[in-house]
Amino acid sequence: MKQERRLLLLMEKIDKRFPGVHALDHVDFDLYEGEVHVLLGENGAGKSTLMKILSGSLPRDSGRIFIRNHEMQEIAHMSPEHAQALGIGMVYQELSLVPTLSVAENIFLGRLPRNRFGLIDWKRVHGDAKASLNTLGIDLDTHAITGSLSVAEQQLTEIARVLASQPRILVLDEPTSALSDTERTRLFEIIRRLREKGVGIIYISHRLAEVPLIGDRVTVLRDGQKIGTFPTSEVTEDQLIQMVVGRKLTEQYPKHGVEKGEVLLRVENLSVPGKLENISFEVYAGEILGVFGLMGAGQNELARALFGLEPAYTGRIYIRERLTPIRNSEGAIRVGIGLIPRDRREGLIPMLSIPPNITLGQVSQYSPHRVLSLQKEKQVAQRYIKELRIQPPILDRPVLYLSGGNQQKVVLARWLYGDTQILVLDDPTRGIDVGAKAEVFSIMDSLSRRGIGIVFISSEMQELLAMADRILVLRRGRIASIFQRGEVDQEDLLRSAS
Amino acid sequence: MTEKIPLDTKIDSTPELAAPSVSPSLQVRLETLRRWLVQAGALLALLLLSLYLSFATPHFLTPSNIANVARQTAVTAILAVGQTMVILSAGIDLSVAAIAGLSASVSAVLMTSQVTVLGLAIGPLPFVWGVLVALAVGMLAGFLNGLIITKGRIPDFIATLGMLGVYRGIALLVTGGLPVPSHLTATELKGYLPEALIWLGAGDILGFPVPGLIALIIVGLGWFILRYTAFGRSIYAVGGNREAARISGINIHRTKILVYTFSGLMAAIAGLVLTGRLNSANALMGEGEELRSIAATVIGGTNLFGGEGSVLGTLIGAMIMGVLGNGLNLLNVSAFWQRVIQGLVIILVVVLDQWRRRRFGS
Ligand SMILES: Nc1ncnc2c1ncn2[C@@H]1O[C@H](COP(=O)(O)OP(=O)(O)O)[C@@H](O)[C@H]1O
Ligand SMILES: [Mg+2]
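Residues numbered from 1 in each chain as written. Chains lettered and ligands numbered in written order. Predicted model: local features only at pLDDT ≥ 70, side-chain atom pairs only at ≥ 80, totals over all residues. Heavy atoms only, no water.

1. Let's talk about the overall build of chain A
Here is step 1 of the chain: A count of helical and extended segments in chain A gives 17 helices and 20 strands.
Here is step 2 of the chain: Relative to a compact globule of 498 residues, whose C-alpha radius of gyration would be 23 Å, chain A shows 24 Å and is just as compact.
Here is step 3 of the chain: Based on the C-alpha atoms only, the size of chain A along its principal axes is roughly 70 × 45 × 45 Å.
Here is step 4 of the chain: Sorting the 498 residues of chain A into buried and exposed places 59% on the buried side.
Here is step 5 of the chain: Across chain A, every contact between residues at least 6 apart in sequence was considered, and the portion connecting residues at least 24 apart equals 67%. (Helix = DSSP H or I, 4+ residues; strand = E, 2+ residues; numbered from the N terminus. Rg over C-alpha atoms; globule rule 2.2 N^0.38 Å. Buried < 20%, exposed > 50% of the residue type's maximum accessible area, 1.4 Å probe, protein only. Contact = heavy atoms within 4.5 Å.)

The following block contains the structure:
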């Protein structure tokens, strides 16, 4: 059967650098008719970059792309229009819908059907949009403003849009990160149907559990390098994990059991209108409390609320069993809470060097006229540069030029310097390389051994299962369940979250 | 079809910690070059301009003209120190000259005549009280700007543009549109400005003009605040990345209000110096100085979008503006053309700044 299938796509030695990152290092990739080729790798491995080069939204530094258009032909310069004309349909990881337009307008954006007077045929727009949503098994008002939909609904709309263009090569970039179990199952059915029709599908994921469910072949990327391509039937999950992570699991996730201490943080009935409802939990000294949820389930709001950035919250927050309202970040810092924000760019002042970035959390607590000791500040910085191995250890260069992992360490150092008791980490390993991730985990481990309580939010189930003492699962703003370490696997987490 | 790779060959090859690629070091070099260009570039421009003028006109390098330049530059420099702090915090203050006019007018009226406020007869005030009134008015006006911008959530540009009109209007109301002291007040009430105030604007110490000294002291103060105080640090933080500043616990509203209050204080000082130099105050004095202070700040290398820059650069920027104005005077360029040229210089500088940033990173 394989011999009958024709090659649809061949990418040869694709190379791409971003400032400070070798995002793709001479990567080869191919795709046949009627197959699902899974592209697997951790966050930051280069999966999205490779696909953006394929769809023409990013230029490549070098490498060749061949695409079948009756016969294989080389495409020297790819552009989004060109890619579309060649039948490449791409569901981007970051939603690319226009939030102010309706669902139907988004589905037909750029190719709205017209009647014979050249006017937009709104009846057909909504009819066809409805039909393409129905094939996905979703019932959405096609007049609804896209920005008002849930993340999952937006993702499904985006998928519907790409399917409506009837692509020959379909790229799905982490399409299930916001989807529930049933939505995911339905998407898989559609993928199988398209595969029967001979469509070539590239399915990007960092969820190992999905690979055998959907893939015919799997290619593993790690740190911009291709580790290998295998038929899914010939590799085990354990082998895949090792290829994705690139090192022994105990090295990647250093975790020592710690005696639980006193209750540092107790949250009772925390609600943020429209985002969180009746969240209650506690964090003990030395504990790592993992938080998992599908995209948009309220993790981000939880982190913000604990740090005083959602001042309209209701409910009670106790710090060391003392009722403590937290209405702004100043107040949060004062009672010993620190936050590593989801977007690293929100953590640092890019133009300032390492020392002022580390001391900022303390300096913000001083009265304005307080005179700073730059000498002492440098010593502090040197201490943390050494302790956290921040590279390169240059004191007077803007942090802008540090790599993602090292920037993350600078933000961590800020809270270490501030004697933080409770640390909220909102997806701290997003977009940093595997080595840096291991370092962040090892810092987390040593912090918990010092008695710091950690709230560890992550979209990587792997990380949570390996590092957390308990895992709290959020579903649409509510607590779905709380699991003890060792009691759960990825499937349980997913099922509970959706 | 699928190449069979022996599974265990590549797996255990632990990747080394993010090997730094070639580009960062290149970036560092570009960044160093850019900083050097910003700092040395302005200084170089000042030297070249002065060199040209010293050949083009014999009057430029005379001691009296240099003192004159120092006096003219002083007002711009003092305003620009406040403006630099505002711009560093990612704001802009278009009302500085209006505040200078208002605070000087109020204080001049109170120093030269008796007025009745709420049934209370005030004035004529002695010098020290007059100065305190001016500083208080300036700070109050700046504080109001800050309040409107933060609590009212009005963009800095719009808020200070609106308040520019308000402050000029109040100054006109206070002075009745006349200079203070005017012929009217001077003859009828024998009200003259205190000698000490004239000395602030026109006096000298060992041949060095007092306004120049004041400007230097204020630049020193601004430098100290920005480099060594918690306030200065929060200015850079707020202007460099507002969201990160918030997450670090910086009180953004307080910082912005303080910055605008400080700028108002600088405006009041500049207004007093200008009043002393002109020997009178008037509601519209210092017109155009808001643009000159912004130009001085940007020429001095401060990022127009905040977070990056220093008052030492601003001092050089102010000197360039001063020498340029003086040179055009000496070369007999008409005052009308001078305004055209100064406006174009401001645009040119911003264009150069944008180009420099695009070209050399960030
Ligand atoms: N536009 C960009 N500018 C700079 N760096 C980028 C850009 N896009 C991606 N990167 C970096 O390239 C690497 C690969 O990113 P990406 O392809 O998005 O990874 P993945 O999709 O596998 O999670 C990461 O280190 C990321 O930070
Ligand atoms: Mg991606």
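2. Side note on unusual backbone geometry
Here is step 1 of the chain: For the peptide bond that leads from Q391(A) to P392(A), omega is -10°, which places it in the cis range.
Here is step 2 of the chain: Structurally, P392(A) is set in the loop between α13 (374–387) and α14 (404–417).
Here is step 3 of the chain: Residues V180(B) and P181(B) are joined by a peptide bond in cis, for which omega reads -5°.
Here is step 4 of the chain: Checked against the element boundaries, P181(B) lands in the loop between α6 (156–175) and α7 (183–189).
Here is step 5 of the chain: Located in the positive-phi region is N269(A), a residue other than glycine, with phi close to 50°.
Here is step 6 of the chain: When you line up the elements, N269(A) lands in strand β11 (residues 263–272).
Here is step 7 of the chain: You can call N269(A) partly exposed: its relative accessible area is 43%.
Here is step 8 of the chain: The residue N279(B) is not glycine, and still its phi comes out positive at about 65°.
Here is step 9 of the chain: The topology assignment puts N279(B) in the loop between α12 (252–278) and α13 (289–299).

3. As for the sheet that holds strand β15 (residues 322–323) of chain A
Residue and element names in this part refer to chain A.
Here is step 1 of the chain: Taken together, four strands build an open sheet; the order of strands is β12-β11-β14-β15 and the sheet is antiparallel. The sheet is open, and its two edges are formed by β12 (276–284) and β15, each paired on a single side.
Here is step 2 of the chain: In terms of strand pairing, strand β14 (residues 314–319) meets β15 through two bridges, oriented antiparallel. Counted as the bridge partner of Y318 is L323 from β15. (Pairing = 2+ DSSP bridges.)

4. Details of the site of ligand 1
Residue and element names in this part refer to chain A.
Here is step 1 of the chain: Neighbouring residues of ligand 1: F18, V21, A23, E42, N43, G44, A45, G46, K47, S48, T49 and G431.
Here is step 2 of the chain: A distance of 2.7 Å separates an oxygen atom of ligand 1 from a polar side-chain atom of S48.
Here is step 3 of the chain: Here T49 contributes a side-chain N or O atom positioned 2.5 Å from an oxygen atom of ligand 1.
Here is step 4 of the chain: Burial of ligand 1 by the protein chains amounts to 68% of its free accessible area of 560 Å².
Here is step 5 of the chain: Among the elements of the structure, β2 (21–32) and α1 (47–54) are those that each provide at least two residues to the shell around ligand 1. (Near = heavy atom within 4 Å. Polar contact = N/O pair within 3.5 Å; in protein donor to acceptor, adjacent residues only side chain to side chain. Areas by Shrake-Rupley, 256 points an atom, 1.4 Å probe, with all protein chains shown as cover.)

5. Description of the confidence of the model for chain B
Here is step 1 of the chain: Of the residues in chain B, 88% have a pLDDT of 70 or more, and the chain-wide mean is 87.
Here is step 2 of the chain: A low-confidence stretch, residues 1–22 of chain B (pLDDT under 50), is modelled with 38 contacts involving residues beyond four sequence positions or located in other chains. (pLDDT = per-residue confidence, 0-100.)

6. Let's talk about the side chain of E290(B)
Residue and element names in this part refer to chain B.
Here is step 1 of the chain: For E290, the location among the structural elements is in helix α13.
Here is step 2 of the chain: Look at E290: it is buried, it has no salt bridge, and the nearest opposite charge is R168 at 4.6 Å.
Here is step 3 of the chain: A polar side-chain atom of E290 sits 2.8 Å from the main-chain amide nitrogen of G288.
Here is step 4 of the chain: Beyond its immediate stretch of four places on either side in the chain, E290 contacts Q83, L94, V96, A97 and L164. (Lys, Arg positive; Asp, Glu negative; His and termini not counted. Salt bridge = Lys/Arg side-chain N within 4 Å of Asp/Glu carboxyl O.)

7. Let's talk about the packing of aromatic side chains
Residues and elements named next belong to chain A.
Here is step 1 of the chain: Within this structure, the stated rule accounts for seven aromatic pairs over all chains.
Here is step 2 of the chain: Ring centres of F307 and W415 lie 5.8 Å apart, and the angle between their planes is 75°; this geometry places the pair in the edge-to-face category. Placement of the pair is F307 in the loop between α10 (299–306) and β14 and W415 in helix α14, with a sequence separation of 108 residues. Both residues of the pair, F307 and W415, count as buried.
Here is step 3 of the chain: For the ring pair F441 and F456, a centre distance of 6.4 Å and an interplane angle of 70° mean the geometry is edge-to-face. Placement of F441 in helix α15 (residues 434–449) and of F456 in strand β18 (residues 453–457) is noted, with a sequence separation of 15 residues between them.
Here is step 4 of the chain: Here the aromatic cluster, defined as three or more aromatic residues joined through ring pairs, consists of Y253, F441 and F456.
Here is step 5 of the chain: Here R370 stacks its cationic end above the ring of Y366, 3.7 Å away from the centre of that ring. (Phe/Tyr/Trp six-rings, centres within 6.5 Å; stacked < 30°, edge-to-face > 60°. Lys NZ or Arg CZ within 6 Å of the ring centre and 35° of its normal.)

8. Digging into the pairing of β18(A)
On any regular strand, side chains alternate: one points to one face of the sheet, the next to the other face.
All names here are of chain A.
Here is step 1 of the chain: Among the five residues in β18, five count as buried, and that is most of the element.
Here is step 2 of the chain: Residue alternation in β18 divides its side chains into two sets, G453, V455 and I457 and I454 and F456, and both sets are buried.
Here is step 3 of the chain: Judged from the five bridges that link them, strand β17 (residues 422–426) and β18 form a sheet pairing that is parallel. Pairing of I422 across the sheet is with G453, part of β18.

9. Details of the environment of G123(B)
All names here are of chain B.
Here is step 1 of the chain: If you trace the backbone, G123 turns up in the loop between β2 (120–122) and α5 (127–150).
Here is step 2 of the chain: Sequence separation between G123 and I87 is 36 residues, and the spatial gap between their C-alpha atoms is 37 Å.
Here is step 3 of the chain: Setting aside residues no more than four positions away along its own chain, G123 makes contact with L110, S113 and Q114.

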